[in-house]
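Inside the fold
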Amino acid sequence: MIVPGALIGAVLPFMFAAQTMAAVGRAAMEMVEEIRRQFRVVPGLREGVPGVSADYKRCVEISTRGALSEMYVLFR
């Protein structure tokens with residue numbers, strides 16, 4: 001009983017760390033796709049035209065939603 005318990009206990013931190021890193025990667029890729037979309041859609045954003053700004057609220061929303069949904073899956 002001790003050896004299997006020790007093995008499971010030793011693996012759990014690595015499992016949670018791997019799931020967390022994968023979740024961060026998925027959320028980051030979703031953020032990158034949104035930024036690329038904004039560069040395509042918003043005229044003057046890529047050139048840095050004064051008065052043109054990105055939709056920061058959408059990026060924060062993606063980040064928050066990704067973190068909450070991934071942590072829900074992680075601890076479910």
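It should be noted that the structure appears before, not after, this text.
Below, the structure is looked at part by part. (Residues numbered from 1 in each chain as written. Predicted model: local features only at pLDDT ≥ 70, side-chain atom pairs only at ≥ 80, totals over all residues. Heavy atoms only, no water.)

1. Quick word on the overall build of the protein
When helices and strands are counted, the protein shows two helices and zero strands. Judged by the C-alpha coordinates and their principal axes, the protein covers about 65 × 20 × 15 Å. Every one of the 76 residues in the protein was classed for burial, and the buried ones make up 17%. Across the protein, every contact between residues at least 6 apart in sequence was considered, and the portion connecting residues at least 24 apart equals 53%. Summed over all atoms, the accessible surface of the protein reaches about 6,000 Å², with 71% contributed by carbon and sulfur. Separation between the mean location of the 9 positive side-chain charges and that of the 7 negative ones in the protein comes to 3 Å. (Helix = DSSP H or I, 4+ residues; strand = E, 2+ residues; numbered from the N terminus. Buried < 20%, exposed > 50% of the residue type's maximum accessible area, 1.4 Å probe, protein only. Contact = heavy atoms within 4.5 Å. Areas by Shrake-Rupley, 256 points an atom, 1.4 Å probe, with all protein chains shown as cover. Lys, Arg positive; Asp, Glu negative; His and termini not counted. Charge placed at Lys NZ, Arg CZ, Asp CG, Glu CD.)

2. Some details on a nonpolar patch on the surface
Together, Ile 8, Val 11, Leu 12, Met 15 and Phe 16 line one region of the surface with nonpolar side chains, adding up to about 430 Å² of accessible area. The residue Ile 8 is located in helix α1 (residues 2-41) in this model. (Patch = residues over 30% accessible without salt bridge, like charges linked within 9 Å, V, L, I, M, F, W, Y side chains within 5 Å. Salt bridge = Lys/Arg side-chain N within 4 Å of Asp/Glu carboxyl O.)

3. Looking at α1
Along its 40 residues, α1 runs 59 Å from first to last C-alpha, staying within 8% of the 58 Å computed at 1.5 Å per residue. Of all the bends in α1, the greatest, near 25°, is centred on Leu 12, and the proline Pro 13 appears no more than four residues after it. (Expected span 1.5 Å × (residues − 1). Bend = angle between axes of the 7 residues up to and from the residue.)

4. Here we look at the side chain of Gln 38
If you trace the backbone, Gln 38 turns up in helix α1. Setting aside residues no more than four positions away along its own chain, Gln 38 makes contact with Leu 45, Ala 54, Asp 55, Arg 58 and Cys 59.

5. Some points on the environment of Ala 54
With respect to the element layout, Ala 54 can be found in the loop between α1 and α2 (56-74). Put simply, Ala 54 and Ile 35 are 19 residues apart on the chain and 8.3 Å apart in space, counted from C-alpha to C-alpha. Excluding residues within four positions of it along the chain, Ala 54 makes contact with Gln 38 and Leu 45.

6. Things to note about the pattern of salt bridges
Using the criterion set out here, one finds five salt bridges in the structure. With a closest N to O distance of 2.7 Å, Arg 37 and Glu 34 form a salt bridge. You can see Arg 37 and its partner Glu 34 sitting in helix α1, three residues apart, about one turn around the helix. Under the relative-accessibility criterion, Glu 34 is labelled buried at 6%. Note that Arg 58 and Glu 61 form a salt bridge whose closest N and O atoms lie 3.2 Å from each other. Of this pair, Arg 58 and Glu 61 are both found in helix α2, three residues apart, which corresponds to roughly one turn of the helix.

Limitation: the analysis is restricted to geometry and does not speak to function.
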